[in-house]
Amino acid sequence: MQADANKTPLARACLHASTPNQTERQALDQSGNSIPLSPVSQPLAADSLPATALPVVETFHSLQGEGMHAGRSAFFIRLGGCAVACPWCDTKHSWPADLHPQRPLAELAGEAEAAAEAGAAFVVITGGEPLHHNLGLLCQALEPSGLPLHLETSGVDQLSGSFAWITLSPKRHRPPSTELLAACQELKVVVHGPADLDFALAMAAAATARPVRDAAAGMTGQSAGPLLLLQPGCDSP
């Protein structure tokens, strides 16, 4: 017990992490209290099949401003629709999917190819909550651009499409699925107070150990889990 007490909070959280069945896994906070994780969830019924057009809030070519790829040139596709409803969200205009135009995938693919010619290093599919939609056909349409595909998600839905890098931003009020915890390369948690720090450590401990590879960034190697990034909330002390 003394050895446990001498460990860092992250190490203590990792001591509690186990590897039960994927659909039964739970995370534990620093006090040993369980945090239920969502089972592998299903996308919204209306979007369960791949779509040839998707609601798009905006597309733009800019620099990635967050995470391990910050400062790199990227082409962003922001999809409409989000039922996660974080009160601190700065893109609430993206929540109602039906307020945004349905854009053919071929148009988005054409913009991605133009961005690649202009120097974009990868495509970021974000939202809203992009996994409310089946992203399989979108990923296929973007393949000719030759750009790696990155996904930014809260992880509440089933994973669809194929991505080189997944940034998971889990929320305490809507915990992510075990599937996305196992698949992500990066965890980004918004911290408003101590409970969010506990949650962040629990999410890191619950994520499955696996190799991390990103040839475009020149990063390879083994990781005990995804990279953990903490983002202060606007009202954090």
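Residues numbered from 1 in each chain as written. Predicted model: local features only at pLDDT ≥ 70, side-chain atom pairs only at ≥ 80, totals over all residues. Heavy atoms only, no water.

**Some points on the overall build of the protein**
- Scanning the protein for helices and strands turns up six helices and 12 strands.
- Considering the protein as a whole, with its 237 residues, one finds that 44% of them fall into the buried category.
- Taking the contacts inside the protein whose residues are at least 6 apart along the sequence as the reference set, 64% of them involve residues at least 24 apart.
- When the accessible surface of the protein is summed, it comes to about 11100 Å², and 55% of that surface belongs to carbon and sulfur atoms. (Helix = DSSP H or I, 4+ residues; strand = E, 2+ residues; numbered from the N terminus. Buried < 20%, exposed > 50% of the residue type's maximum accessible area, 1.4 Å probe, protein only. Contact = heavy atoms within 4.5 Å. Areas by Shrake-Rupley, 256 points an atom, 1.4 Å probe, with all protein chains shown as cover.)

**Digging into the confidence of the model for the protein**
- Considering every residue of the protein, the mean pLDDT works out to 81; 71% of them sit at 70 or more.
- Below a pLDDT of 50 lies the segment residues 1–25, which in the model reaches 27 contacts outside its immediate sequence neighbourhood of four places, other chains included.
- A low-confidence stretch, residues 39–47 (pLDDT under 50), is modelled with 20 contacts involving residues beyond four sequence positions or located in other chains. (pLDDT = per-residue confidence, 0-100.)

**Quick notes on the packing of aromatic side chains**
- This model, assessed by the stated rule, comprises one aromatic pair.
- Ring geometry for F60 versus F76: centroids 4.8 Å apart, planes at 10 degrees, classification stacked. With F60 in strand β3 (residues 53–63) and F76 in strand β4 (residues 73–79), this residue pair connects regions lying 16 residues apart in the sequence.
- Residue class for F76 comes out buried when judged on its relative accessible area of 6%. (Phe/Tyr/Trp six-rings, centres within 6.5 Å; stacked < 30°, edge-to-face > 60°.)

**Points about the nonpolar core**
- One finds V123, I125, L135, L138, L142 and F163 to be the most contacted residues of the largest nonpolar core, which totals 34 residues.
- Per element, the largest residue contribution to this core is five residues, and it comes from helix α6 (residues 194–206).
- Discounting chain neighbours no more than four positions away, the residues touching I125 are I77, L79, P130, L135, L138, L142, H150, L151, E152 and F163. (Core = buried A, V, L, I, M, F, W, Y, C linked by side-chain atoms within 4.5 Å.)

**Examining the pattern of salt bridges**
- Under the defined criterion, the tally for this structure stands at five salt bridges.
- Note that E58 and R78 form a salt bridge whose closest N and O atoms lie 2.8 Å from each other. Placement of E58 in strand β3 and of R78 in strand β4 is noted, with a sequence separation of 20 residues between them.
- Given the relative accessible area of 32%, E58 is considered partly exposed.
- Of the residues examined, R78 reaches a relative accessible area of 13% and is grouped as buried. (Salt bridge = Lys/Arg side-chain N within 4 Å of Asp/Glu carboxyl O.)

**Some remarks on the sheet that holds β3**
- Taken together, the eight strands give an open sheet; going across it, the order is β5-β3-β4-β6-β7-β8-β9-β12, and neighbouring strands pair in mixed fashion. The open sheet terminates on both sides in strands that have one partner only, identified here as β5 (102–104) and β12 (227–232). Direction aside, neighbouring strands of the sheet carry axes that sit 30 degrees apart on average.
- As judged from the two bridges shared by strand β8 (residues 165–168) and strand β9 (residues 186–191), these two strands associate in the parallel manner. Bridge pairing links L168 to L187 in β9. (Pairing = 2+ DSSP bridges. Axes fitted to C-alpha atoms, helices over the stretch in contact; angles between N-to-C directions.)

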